[in-house]
Amino acid sequence: MESVTLKVSGMSCGHCVKAVEGSVGKLNGVDKVAVDLDKGQVQVQFDSSAVTLGQIKETIDDQGYDVE
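Conventions used here
- Residues numbered from 1 in each chain as written.
- Predicted model: local features only at pLDDT ≥ 70, side-chain atom pairs only at ≥ 80, totals over all residues.
- Heavy atoms only, no water.
- UniProt positions renumbered as here; feature names shortened; annotations may be inferred.
- Helix = DSSP H or I, 4+ residues; strand = E, 2+ residues; numbered from the N terminus.
- Buried < 20%, exposed > 50% of the residue type's maximum accessible area, 1.4 Å probe, protein only.
- Polar contact = N/O pair within 3.5 Å; in protein donor to acceptor, adjacent residues only side chain to side chain.
- Disulfide = S-S within 2.5 Å.
- Arc of directions from axis to C-beta.
- Contact = heavy atoms within 4.5 Å.
- Pairing = 2+ DSSP bridges.

(A) Geometry of the UniProt feature "domain: HMA" (unreviewed entry) in the chain. Following the UniProt record, the feature "domain: HMA" (unreviewed entry) maps to residues 2–68 here. The straight-line gap between the two end C-alpha atoms of residues 2–68 is 19 Å; of that span, 33% is helix and 34% is strand.

Spelled out as structure tokens, the structure:
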């Protein structure tokens with residue numbers, strides 16, 4: 001299991017949290033997703049043999065947020 005903390009801009013409310021946690025959490029291989037609005041961060045725990053960091057970033061981007 002790997003863990004990564006991503007800097008994400010554009011998140012500002014509870015809807016943003018649900019959108020990111022819901023979409024990333026549905027990816028095969030993702031174990032845990034936690035959004036910290038105050039810090040603008042998304043922490044993801046995942047199995048790198050099932051999902052890539054690129055796929056996680058693309059999923060966040062598809063929700064309309066910018067991964068830095």
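(B) Representation of the side chain of Thr59 within the structure. Locating Thr59 in the fold gives a position in helix H2 (residues 53–62). Note on Thr59: relative accessible area 13%, which makes it buried. From its side chain, Thr59 meets the backbone oxygen of Gln55 in a polar contact 2.8 Å long.

(C) Seen up close, the state of the cysteines. Across all of its chains, the model carries 0 disulfides by this definition. In this model Cys13 remains outside any disulfide bridge; the closest cysteine sulfur is found in Cys16, 3.5 Å from its own. When its relative accessible area of 31% is taken as the criterion, Cys13 is described as partly exposed.

(D) Representation of H2 in the model. All buried positions along H2 are accounted for by Ile56, Thr59 and Ile60. Along the long axis of H2, the arc covered by the buried residues comes to 100°, so they all point the same way. Buried positions along H2 lie against strand S1 (2–9), helix H1 (14–25), strand S3 (41–46) and strand S4 (66–67). Of the residues one or two after H2, Gly64 is the one with positive phi, at around 100°.

(E) Region of interest: the pairing of S3. Alternating residues of S3 divide into Val42, Val44 and Phe46, all buried, and Gln41, Gln43 and Gln45, none buried. With 6 bridges joining them, S1 and S3 adopt antiparallel strand pairing. Counterpart to Thr5 in the pairing with S3 is Gln43. As judged from the 6 bridges shared by strand S2 (residues 30–36) and S3, these two strands associate in the antiparallel manner.

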